[in-house]
Amino acid sequence: MPGRRRALGRRFGWLWAAYAVSSYGTGLGFGAFSVLAVLVLHSGPTQVAALAASGRAVGAVVALPLGPWVEFRRKRPVMVAMDLTRFAALLSIPVAFAFGLLGFAQLLVVSIVVAAANIAFNAASGAYLKTLLPPADLLVANSRFESTMWTSTMLGPPLGGAAIGLFGPVTTVVADAVSYLLSAFGIRAIGGTEPRPGRSGALRLRAGDLLAGWRYILAHPTLRPLLFNAMVVNGLIMAAEPLLAVLLLGRLGFAPWQYALALAASSGAGGFVGSRLARPLAARFGQHRVMLTAGVLRACWPVGLAFVPPGAAGMLLVTAVQLGLVTCIGVFNPLLATSRLQHTAPDRVARTLTAWSISTSAAIAILTALWGLLGAVTGPRTAIAVAGILLLATPLLLPRRESAPPNESEEAALPEGAEPR
(Lines give C-alpha, C1' and ligand atoms only; values in the text may rest on other atoms or scores of the structure.)
Protein backbone atom coordinates (compact mmCIF):
# COMPACT_ATOMS: atom_id res chain seq x y z
CA MET A 1 0.00 0.00 0.00
CA PRO A 2 1.32 3.47 -0.84
CA GLY A 3 2.35 5.42 2.22
CA ARG A 4 2.54 2.31 4.41
CA ARG A 5 5.63 2.23 6.59
CA ARG A 6 8.10 -0.36 5.33
CA ALA A 7 9.13 -2.84 8.01
CA LEU A 8 12.83 -3.68 7.97
CA GLY A 9 12.85 -6.18 10.81
CA ARG A 10 13.80 -6.34 14.48
CA ARG A 11 17.54 -6.38 13.88
CA PHE A 12 17.44 -3.18 11.85
CA GLY A 13 15.19 -1.69 14.55
CA TRP A 14 17.94 -2.18 17.14
CA LEU A 15 20.55 -0.76 14.76
CA TRP A 16 18.38 2.30 14.10
CA ALA A 17 17.73 2.76 17.83
CA ALA A 18 21.46 2.62 18.54
CA TYR A 19 22.10 5.19 15.82
CA ALA A 20 19.32 7.44 17.13
CA VAL A 21 20.55 7.52 20.72
CA SER A 22 24.14 8.28 19.71
CA SER A 23 22.94 10.87 17.20
CA TYR A 24 20.92 12.71 19.84
CA GLY A 25 23.88 12.51 22.21
CA THR A 26 26.07 14.09 19.54
CA GLY A 27 23.44 16.78 19.01
CA LEU A 28 23.36 17.57 22.72
CA GLY A 29 27.16 17.71 22.78
CA PHE A 30 27.49 19.85 19.67
CA GLY A 31 30.17 22.49 20.24
CA ALA A 32 30.91 21.20 23.76
CA PHE A 33 34.68 21.15 23.23
CA SER A 34 34.68 24.77 22.08
CA VAL A 35 32.58 25.74 25.10
CA LEU A 36 35.00 23.99 27.45
CA ALA A 37 38.00 25.53 25.73
CA VAL A 38 36.56 29.04 26.05
CA LEU A 39 34.75 28.94 29.40
CA VAL A 40 36.95 26.56 31.39
CA LEU A 41 40.40 26.84 29.81
CA HIS A 42 40.05 30.46 28.62
CA SER A 43 41.47 29.58 25.20
CA GLY A 44 41.66 32.15 22.42
CA PRO A 45 40.22 31.97 18.89
CA THR A 46 43.40 30.43 17.45
CA GLN A 47 43.37 27.56 19.94
CA VAL A 48 39.65 26.92 19.47
CA ALA A 49 40.07 26.83 15.68
CA ALA A 50 43.10 24.55 16.03
CA LEU A 51 41.10 22.21 18.26
CA ALA A 52 38.35 21.86 15.67
CA ALA A 53 40.65 21.46 12.65
CA SER A 54 43.33 19.29 14.26
CA GLY A 55 40.89 16.81 15.75
CA ARG A 56 39.33 16.16 12.35
CA ALA A 57 42.60 16.11 10.38
CA VAL A 58 44.72 14.04 12.78
CA GLY A 59 41.79 11.72 13.50
CA ALA A 60 41.57 11.00 9.77
CA VAL A 61 45.29 10.10 9.66
CA VAL A 62 44.96 7.88 12.73
CA ALA A 63 42.01 6.12 11.07
CA LEU A 64 44.04 5.19 7.97
CA PRO A 65 44.91 1.61 9.07
CA LEU A 66 41.45 1.07 10.54
CA GLY A 67 39.81 0.44 7.14
CA PRO A 68 41.50 -2.90 6.40
CA TRP A 69 41.42 -3.77 10.10
CA VAL A 70 37.62 -3.39 10.07
CA GLU A 71 37.27 -5.19 6.73
CA PHE A 72 38.72 -8.44 8.02
CA ARG A 73 36.70 -8.59 11.24
CA ARG A 74 33.09 -9.10 12.19
CA LYS A 75 31.41 -5.72 12.05
CA ARG A 76 29.18 -5.73 15.14
CA PRO A 77 32.06 -6.29 17.61
CA VAL A 78 33.96 -3.48 15.89
CA MET A 79 30.96 -1.16 16.25
CA VAL A 80 30.62 -2.01 19.94
CA ALA A 81 34.37 -1.48 20.47
CA MET A 82 34.23 1.94 18.78
CA ASP A 83 31.20 2.95 20.88
CA LEU A 84 33.01 1.95 24.08
CA THR A 85 36.15 3.77 22.93
CA ARG A 86 34.18 6.97 22.41
CA PHE A 87 32.41 6.49 25.74
CA ALA A 88 35.70 6.10 27.64
CA ALA A 89 37.42 8.98 25.83
CA LEU A 90 34.56 11.42 26.43
CA LEU A 91 34.03 10.30 30.03
CA SER A 92 37.65 11.19 30.80
CA ILE A 93 36.77 14.86 30.35
CA PRO A 94 34.24 15.24 33.21
CA VAL A 95 36.49 13.07 35.41
CA ALA A 96 39.46 15.35 34.78
CA PHE A 97 37.24 18.42 35.22
CA ALA A 98 36.00 17.14 38.59
CA PHE A 99 39.59 16.83 39.84
CA GLY A 100 40.71 20.15 38.36
CA LEU A 101 43.04 18.43 35.86
CA LEU A 102 41.35 19.25 32.55
CA GLY A 103 43.74 20.76 30.03
CA PHE A 104 43.79 21.75 26.36
CA ALA A 105 46.00 18.77 25.44
CA GLN A 106 43.38 16.35 26.79
CA LEU A 107 40.63 18.00 24.74
CA LEU A 108 42.82 17.66 21.65
CA VAL A 109 43.62 13.98 22.29
CA VAL A 110 39.97 13.13 22.99
CA SER A 111 38.83 14.92 19.81
CA ILE A 112 41.36 12.89 17.77
CA VAL A 113 40.31 9.59 19.36
CA VAL A 114 36.62 10.33 18.81
CA ALA A 115 37.21 11.40 15.19
CA ALA A 116 39.14 8.20 14.40
CA ALA A 117 36.55 6.03 16.17
CA ASN A 118 33.77 7.78 14.21
CA ILE A 119 35.42 6.81 10.92
CA ALA A 120 35.91 3.18 11.98
CA PHE A 121 32.35 2.92 13.32
CA ASN A 122 30.84 4.37 10.14
CA ALA A 123 32.87 1.97 7.99
CA ALA A 124 31.77 -1.03 10.05
CA SER A 125 28.12 0.06 10.20
CA GLY A 126 27.96 0.63 6.43
CA ALA A 127 29.43 -2.79 5.75
CA TYR A 128 27.07 -4.38 8.28
CA LEU A 129 24.02 -2.64 6.82
CA LYS A 130 24.85 -4.02 3.37
CA THR A 131 24.76 -7.58 4.77
CA LEU A 132 21.72 -6.97 6.99
CA LEU A 133 19.26 -5.74 4.36
CA PRO A 134 18.51 -6.59 0.72
CA PRO A 135 19.54 -3.92 -1.85
CA ALA A 136 15.92 -2.78 -2.29
CA ASP A 137 15.73 -1.71 1.37
CA LEU A 138 19.01 0.23 1.58
CA LEU A 139 17.45 3.55 0.54
CA VAL A 140 14.68 3.15 3.12
CA ALA A 141 17.25 2.54 5.84
CA ASN A 142 19.53 5.39 4.79
CA SER A 143 16.59 7.78 4.63
CA ARG A 144 15.65 6.87 8.20
CA PHE A 145 19.21 7.42 9.39
CA GLU A 146 19.31 10.77 7.61
CA SER A 147 15.99 12.00 9.04
CA THR A 148 17.11 10.96 12.54
CA MET A 149 20.37 12.83 12.14
CA TRP A 150 18.66 16.05 11.06
CA THR A 151 16.07 15.84 13.83
CA SER A 152 18.85 15.51 16.39
CA THR A 153 20.64 18.43 14.72
CA MET A 154 17.54 20.59 15.12
CA LEU A 155 16.70 19.63 18.71
CA GLY A 156 20.05 18.70 20.26
CA PRO A 157 22.07 21.96 20.24
CA PRO A 158 19.34 24.15 21.82
CA LEU A 159 18.71 21.55 24.52
CA GLY A 160 22.45 21.15 25.02
CA GLY A 161 22.88 24.89 25.43
CA ALA A 162 20.11 24.99 28.02
CA ALA A 163 21.67 22.03 29.88
CA ILE A 164 25.05 23.77 30.01
CA GLY A 165 23.40 26.89 31.42
CA LEU A 166 21.57 24.92 34.10
CA PHE A 167 24.04 22.21 35.08
CA GLY A 168 27.51 23.30 34.00
CA PRO A 169 29.92 23.04 31.04
CA VAL A 170 30.59 19.27 31.13
CA THR A 171 26.92 18.24 31.21
CA THR A 172 26.57 17.66 27.48
CA VAL A 173 29.87 15.78 27.32
CA VAL A 174 28.51 13.34 29.91
CA ALA A 175 25.28 12.98 27.90
CA ASP A 176 27.25 12.35 24.70
CA ALA A 177 29.41 9.73 26.43
CA VAL A 178 26.40 7.90 27.89
CA SER A 179 24.74 7.89 24.46
CA TYR A 180 27.64 5.84 23.07
CA LEU A 181 27.34 3.38 25.94
CA LEU A 182 23.62 2.97 25.21
CA SER A 183 24.43 2.58 21.51
CA ALA A 184 26.83 -0.26 22.34
CA PHE A 185 24.06 -2.02 24.30
CA GLY A 186 21.68 -1.56 21.37
CA ILE A 187 24.12 -3.07 18.89
CA ARG A 188 24.75 -6.00 21.24
CA ALA A 189 20.98 -6.55 21.39
CA ILE A 190 20.74 -7.03 17.61
CA GLY A 191 21.69 -10.67 18.03
CA GLY A 192 21.94 -13.13 15.19
CA THR A 193 25.05 -14.53 13.59
CA GLU A 194 27.58 -12.74 11.44
CA PRO A 195 29.91 -14.63 9.10
CA ARG A 196 33.63 -14.29 9.71
CA PRO A 197 35.28 -12.34 6.86
CA GLY A 198 38.21 -13.77 4.97
CA ARG A 199 41.71 -13.18 6.33
CA SER A 200 40.22 -12.48 9.78
CA GLY A 201 43.18 -14.21 11.38
CA ALA A 202 45.75 -11.98 9.68
CA LEU A 203 47.67 -10.02 12.29
CA ARG A 204 49.70 -7.83 9.92
CA LEU A 205 48.32 -5.40 7.38
CA ARG A 206 49.92 -5.23 3.98
CA ALA A 207 50.87 -1.82 2.60
CA GLY A 208 48.39 -2.36 -0.25
CA ASP A 209 45.53 -2.82 2.21
CA LEU A 210 45.88 0.79 3.38
CA LEU A 211 45.33 2.14 -0.14
CA ALA A 212 42.85 -0.47 -1.37
CA GLY A 213 39.85 1.77 -0.66
CA TRP A 214 41.21 4.62 -2.76
CA ARG A 215 42.25 2.29 -5.58
CA TYR A 216 38.77 0.82 -5.65
CA ILE A 217 37.09 4.24 -5.71
CA LEU A 218 39.39 5.74 -8.34
CA ALA A 219 38.91 2.75 -10.65
CA HIS A 220 35.11 2.94 -10.40
CA PRO A 221 33.18 5.09 -12.93
CA THR A 222 30.46 6.03 -10.42
CA LEU A 223 32.29 6.19 -7.09
CA ARG A 224 35.16 8.32 -8.38
CA PRO A 225 33.10 11.37 -9.45
CA LEU A 226 30.85 11.03 -6.40
CA LEU A 227 33.87 11.20 -4.07
CA PHE A 228 35.35 14.23 -5.82
CA ASN A 229 31.98 15.96 -5.69
CA ALA A 230 31.57 15.15 -1.98
CA MET A 231 35.06 16.42 -1.15
CA VAL A 232 34.59 19.76 -2.91
CA VAL A 233 30.96 20.39 -1.89
CA ASN A 234 31.38 19.43 1.77
CA GLY A 235 34.67 21.28 1.98
CA LEU A 236 33.32 24.53 0.52
CA ILE A 237 30.11 24.47 2.58
CA MET A 238 31.98 23.79 5.82
CA ALA A 239 34.72 26.30 4.98
CA ALA A 240 32.16 29.08 4.67
CA GLU A 241 30.47 28.36 8.02
CA PRO A 242 33.01 30.13 10.30
CA LEU A 243 33.04 33.11 7.94
CA LEU A 244 29.24 33.24 8.01
CA ALA A 245 29.37 33.36 11.81
CA VAL A 246 31.83 36.27 11.66
CA LEU A 247 29.65 38.09 9.13
CA LEU A 248 26.35 37.60 10.95
CA LEU A 249 27.49 37.96 14.56
CA GLY A 250 30.15 40.58 13.94
CA ARG A 251 29.61 42.74 10.88
CA LEU A 252 25.80 42.55 10.76
CA GLY A 253 25.15 42.47 14.50
CA PHE A 254 22.89 39.41 14.68
CA ALA A 255 22.13 38.25 18.21
CA PRO A 256 23.41 34.75 19.02
CA TRP A 257 19.85 33.44 19.39
CA GLN A 258 18.97 34.81 15.94
CA TYR A 259 22.02 33.13 14.44
CA ALA A 260 21.20 29.80 16.09
CA LEU A 261 17.53 29.99 15.12
CA ALA A 262 18.23 30.86 11.49
CA LEU A 263 20.72 28.03 11.06
CA ALA A 264 19.73 25.21 13.42
CA ALA A 265 15.94 25.32 13.03
CA SER A 266 15.92 25.73 9.25
CA SER A 267 18.66 23.13 8.80
CA GLY A 268 16.92 20.54 10.96
CA ALA A 269 13.55 21.08 9.31
CA GLY A 270 14.99 21.07 5.79
CA GLY A 271 17.09 17.96 6.38
CA PHE A 272 14.16 16.07 7.86
CA VAL A 273 11.82 16.98 4.99
CA GLY A 274 14.46 16.20 2.36
CA SER A 275 15.30 12.80 3.82
CA ARG A 276 11.61 11.87 3.90
CA LEU A 277 11.25 12.86 0.23
CA ALA A 278 14.25 10.88 -1.01
CA ARG A 279 12.59 7.48 -1.30
CA PRO A 280 9.23 8.49 -2.88
CA LEU A 281 11.03 10.76 -5.37
CA ALA A 282 13.46 7.97 -6.28
CA ALA A 283 10.58 5.50 -6.68
CA ARG A 284 8.82 7.86 -9.10
CA PHE A 285 11.67 9.40 -11.10
CA GLY A 286 14.58 7.02 -10.62
CA GLN A 287 17.35 7.01 -8.02
CA HIS A 288 20.13 8.39 -10.23
CA ARG A 289 18.00 11.16 -11.76
CA VAL A 290 16.84 12.39 -8.34
CA MET A 291 20.38 12.28 -6.93
CA LEU A 292 21.71 14.25 -9.89
CA THR A 293 18.90 16.83 -9.65
CA ALA A 294 19.34 17.26 -5.89
CA GLY A 295 23.11 17.58 -6.38
CA VAL A 296 22.59 20.38 -8.90
CA LEU A 297 20.02 22.23 -6.79
CA ARG A 298 22.18 21.86 -3.67
CA ALA A 299 24.93 23.87 -5.33
CA CYS A 300 22.67 26.83 -6.20
CA TRP A 301 21.83 28.05 -2.68
CA PRO A 302 25.04 29.03 -0.80
CA VAL A 303 25.98 31.96 -3.04
CA GLY A 304 22.90 33.75 -1.68
CA LEU A 305 24.59 34.00 1.74
CA ALA A 306 27.00 36.58 0.31
CA PHE A 307 24.11 39.06 -0.08
CA VAL A 308 22.70 38.91 3.47
CA PRO A 309 21.56 42.38 4.62
CA PRO A 310 21.29 43.44 8.28
CA GLY A 311 18.08 43.19 10.28
CA ALA A 312 15.00 41.03 9.82
CA ALA A 313 15.46 40.80 6.05
CA GLY A 314 18.88 39.26 6.57
CA MET A 315 17.53 36.72 9.04
CA LEU A 316 14.79 35.72 6.62
CA LEU A 317 17.29 35.36 3.76
CA VAL A 318 19.64 33.17 5.83
CA THR A 319 16.71 31.02 6.94
CA ALA A 320 15.45 30.61 3.37
CA VAL A 321 18.89 29.77 1.97
CA GLN A 322 19.63 27.25 4.73
CA LEU A 323 16.19 25.67 4.36
CA GLY A 324 16.62 25.24 0.60
CA LEU A 325 20.23 24.06 0.87
CA VAL A 326 19.67 21.48 3.58
CA THR A 327 16.44 20.19 2.02
CA CYS A 328 18.44 19.37 -1.11
CA ILE A 329 21.20 17.84 1.02
CA GLY A 330 18.57 15.77 2.86
CA VAL A 331 17.39 14.34 -0.47
CA PHE A 332 20.90 13.83 -1.85
CA ASN A 333 22.65 12.17 1.11
CA PRO A 334 20.53 9.00 1.47
CA LEU A 335 20.71 8.48 -2.29
CA LEU A 336 24.49 8.94 -2.20
CA ALA A 337 24.89 6.53 0.74
CA THR A 338 22.71 3.94 -1.02
CA SER A 339 24.49 4.28 -4.36
CA ARG A 340 27.85 3.99 -2.63
CA LEU A 341 26.85 0.72 -0.96
CA GLN A 342 25.24 -0.66 -4.12
CA HIS A 343 28.38 -0.03 -6.19
CA THR A 344 30.85 -1.43 -3.65
CA ALA A 345 31.65 -5.13 -3.45
CA PRO A 346 30.87 -6.72 -0.05
CA ASP A 347 34.53 -7.44 0.73
CA ARG A 348 35.58 -3.83 0.02
CA VAL A 349 32.92 -1.82 1.88
CA ALA A 350 34.84 -1.02 5.08
CA ARG A 351 38.01 0.05 3.28
CA THR A 352 36.06 2.07 0.75
CA LEU A 353 34.01 3.90 3.40
CA THR A 354 37.14 4.56 5.46
CA ALA A 355 38.92 6.04 2.44
CA TRP A 356 35.81 8.12 1.72
CA SER A 357 35.63 9.51 5.27
CA ILE A 358 39.34 10.29 5.40
CA SER A 359 39.18 12.06 2.03
CA THR A 360 36.20 14.24 2.92
CA SER A 361 37.60 15.05 6.38
CA ALA A 362 40.92 16.09 4.86
CA ALA A 363 39.18 18.21 2.23
CA ILE A 364 37.10 20.00 4.88
CA ALA A 365 40.17 20.69 7.04
CA ILE A 366 42.25 22.01 4.10
CA LEU A 367 39.51 24.19 2.60
CA THR A 368 38.52 25.56 6.00
CA ALA A 369 42.10 26.68 6.58
CA LEU A 370 42.38 28.19 3.08
CA TRP A 371 39.08 30.04 3.39
CA GLY A 372 40.13 31.37 6.78
CA LEU A 373 43.14 32.97 5.08
CA LEU A 374 40.99 34.20 2.20
CA GLY A 375 38.50 35.73 4.62
CA ALA A 376 41.31 37.51 6.47
CA VAL A 377 42.54 39.05 3.20
CA THR A 378 39.27 39.84 1.41
CA GLY A 379 36.69 39.94 4.21
CA PRO A 380 34.08 37.31 5.10
CA ARG A 381 31.44 38.39 2.58
CA THR A 382 33.82 38.12 -0.38
CA ALA A 383 35.16 34.76 0.77
CA ILE A 384 31.60 33.41 1.16
CA ALA A 385 30.80 34.65 -2.35
CA VAL A 386 33.87 32.90 -3.81
CA ALA A 387 32.85 29.63 -2.12
CA GLY A 388 29.31 30.01 -3.45
CA ILE A 389 30.49 30.68 -7.02
CA LEU A 390 32.80 27.66 -6.96
CA LEU A 391 29.95 25.51 -5.67
CA LEU A 392 27.95 26.37 -8.78
CA ALA A 393 30.48 24.37 -10.81
CA THR A 394 30.42 21.26 -8.61
CA PRO A 395 27.54 19.51 -10.45
CA LEU A 396 30.06 18.98 -13.27
CA LEU A 397 31.74 16.43 -10.99
CA LEU A 398 28.61 14.28 -10.67
CA PRO A 399 28.32 11.13 -12.84
CA ARG A 400 26.09 11.85 -15.81
CA ARG A 401 25.13 8.23 -16.51
CA GLU A 402 24.07 5.54 -14.10
CA SER A 403 26.32 2.50 -14.13
CA ALA A 404 25.05 -0.92 -13.10
CA PRO A 405 26.00 -2.12 -9.61
CA PRO A 406 28.65 -4.84 -9.65
CA ASN A 407 27.81 -8.51 -9.67
CA GLU A 408 28.61 -9.15 -6.03
CA SER A 409 29.49 -12.80 -6.48
CA GLU A 410 32.01 -11.92 -9.18
CA GLU A 411 33.43 -9.00 -7.18
CA ALA A 412 33.88 -11.15 -4.11
CA ALA A 413 35.81 -13.65 -6.20
CA LEU A 414 38.38 -11.09 -7.32
CA PRO A 415 41.86 -11.67 -5.89
CA GLU A 416 43.19 -9.13 -3.37
CA GLY A 417 44.55 -6.12 -5.18
CA ALA A 418 42.44 -6.64 -8.33
CA GLU A 419 40.08 -3.81 -9.24
CA PRO A 420 36.61 -3.91 -10.82
CA ARG A 421 36.37 -3.49 -14.56
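The structure displayed is predicted, hence computed values, not measured ones.

Trainee: If you had to explain the packing of aromatic side chains to someone new, which residues and values would you point to?
Mentor: Taken as a whole, this structure holds three aromatic pairs when the rule is applied. Judged by centre distance (5.5 Å) and plane angle (50 degrees), the rings of Phe-12 and Phe-145 are tilted. On the criterion of sequence distance, the pair formed by Phe-12 in helix H1 (residues 10–28) and Phe-145 in helix H7 (residues 138–167) is long-range, its members being 133 residues apart. Of the residues examined, Phe-12 reaches a relative accessible area of 2% and is grouped as buried. Members of the aromatic cluster, each reached through a chain of ring pairs, are Phe-12, Trp-16, Tyr-19 and Phe-145. In this structure, Arg-298 is placed above the aromatic ring of Phe-332, and the distance from its NZ or CZ to the ring centre is 4.0 Å.

Trainee: I'd like a rundown of the nonpolar core, residues and numbers included.
Mentor: In terms of nonpolar packing, the biggest core is built from 36 residues, with Phe-12, Leu-15, Met-79, Leu-129, Leu-133 and Ile-187 touching the most fellow members. Listed by contribution, the elements that provide at least two residues to this core are H1, helix H4 (66–71), helix H5 (75–98), helix H6 (104–132), H7, helix H8 (171–188) and helix H14 (349–378). The leading source of residues in this core is H6, at eleven residues.

Trainee: Kindly report on the pattern of salt bridges, identifying the contributing residues and their values.
Mentor: Taken as a whole, this structure holds three salt bridges when the rule is applied. A salt bridge links Arg-351 to Glu-71; the shortest N-O distance between them is 3.3 Å. Here the residue Arg-351 occupies a position in helix H14, and Glu-71 occupies one in helix H4, the gap between them amounting to 280 residues. When its relative accessible area of 4% is taken as the criterion, Glu-71 is described as buried. Taking the shortest distance from any N to any O, the salt bridge between Asp-347 and Arg-348 comes out at 3.8 Å. Take Asp-347: its relative accessible area is 22%, and that puts it in the partly exposed class. Judged by relative accessible area, Arg-348 falls into the buried class, the value being 4%.

Trainee: Help me get a handle on the environment of Arg-351, residues and values and all.
Mentor: Judged by relative accessible area, Arg-351 falls into the buried class, the value being 3%. Along the chain, Arg-351 and Leu-211 lie 140 residues apart, while their C-alpha atoms are 8.3 Å from each other.

Trainee: Describe the packing of helix H10 (residues 223–251) against helix H15 (residues 380–391), listing the residues and the values that go with them.
Mentor: Working note: a packed helix pair is described by the angle between its axes plus the distance between those axes. At a minimum axis separation of 9 Å, H10 and H15 run at an interaxial angle of 155 degrees. Taken together, H10 and H15 sit at an angle that is classed as roughly antiparallel. Here the hand of the crossing between H10 and H15 comes out left-handed. Together, Val-233, Leu-236, Ile-237, Ala-240, Leu-243, Leu-244, Val-246, Leu-247 and Arg-251 of H10 and Pro-380, Arg-381, Ala-383, Ile-384, Ala-387, Leu-390 and Leu-391 of H15 make up the contact between the two elements.

Trainee: Which residues make up the confidence of the model for the chain, and what values go with them?
Mentor: Confidence along the chain averages 85 in pLDDT terms, with 90% of residues attaining 70 or more. Within the model, pLDDT remains below 50 along residues 408–421, and this stretch shows 27 contacts once partners closer than five positions in the same chain are excluded.

Trainee: Can you tell me about a nonpolar patch on the surface, naming the residues and giving the values?
Mentor: Taken together, the side chains of Leu-91, Val-95, Phe-99 and Leu-101 present a nonpolar region at the surface, about 420 Å² in accessible area. Note on placement: Phe-99 falls in the loop between H5 and H6.

Trainee: Would you mind going over the side chain of Ser-359 in detail, with residue names and values included?
Mentor: Mapped onto the fold, Ser-359 is located in helix H14. Relative accessible area serves as the criterion here: at 9%, Ser-359 is assigned to the buried category. The residues touching Ser-359, leaving out its near neighbours within four places in the chain, are Trp-214, Leu-227 and Met-231.

Definitions and cut-offs
- Residues numbered from 1 in each chain as written.
- Predicted model: local features only at pLDDT ≥ 70, side-chain atom pairs only at ≥ 80, totals over all residues.
- Heavy atoms only, no water.
- Phe/Tyr/Trp six-rings, centres within 6.5 Å; stacked < 30°, edge-to-face > 60°.
- Helix = DSSP H or I, 4+ residues; strand = E, 2+ residues; numbered from the N terminus.
- Buried < 20%, exposed > 50% of the residue type's maximum accessible area, 1.4 Å probe, protein only.
- Lys NZ or Arg CZ within 6 Å of the ring centre and 35° of its normal.
- Core = buried A, V, L, I, M, F, W, Y, C linked by side-chain atoms within 4.5 Å.
- Salt bridge = Lys/Arg side-chain N within 4 Å of Asp/Glu carboxyl O.
- Axes fitted to C-alpha atoms, helices over the stretch in contact; angles between N-to-C directions.
- Parallel < 35°, antiparallel > 145°, perpendicular 65-115°, else oblique.
- Left-handed = near helix turned anticlockwise from the far one by under 90°.
- Contact = heavy atoms within 4.5 Å.
- pLDDT = per-residue confidence, 0-100.
- Patch = residues over 30% accessible without salt bridge, like charges linked within 9 Å, V, L, I, M, F, W, Y side chains within 5 Å.
- Areas by Shrake-Rupley, 256 points an atom, 1.4 Å probe, with all protein chains shown as cover.

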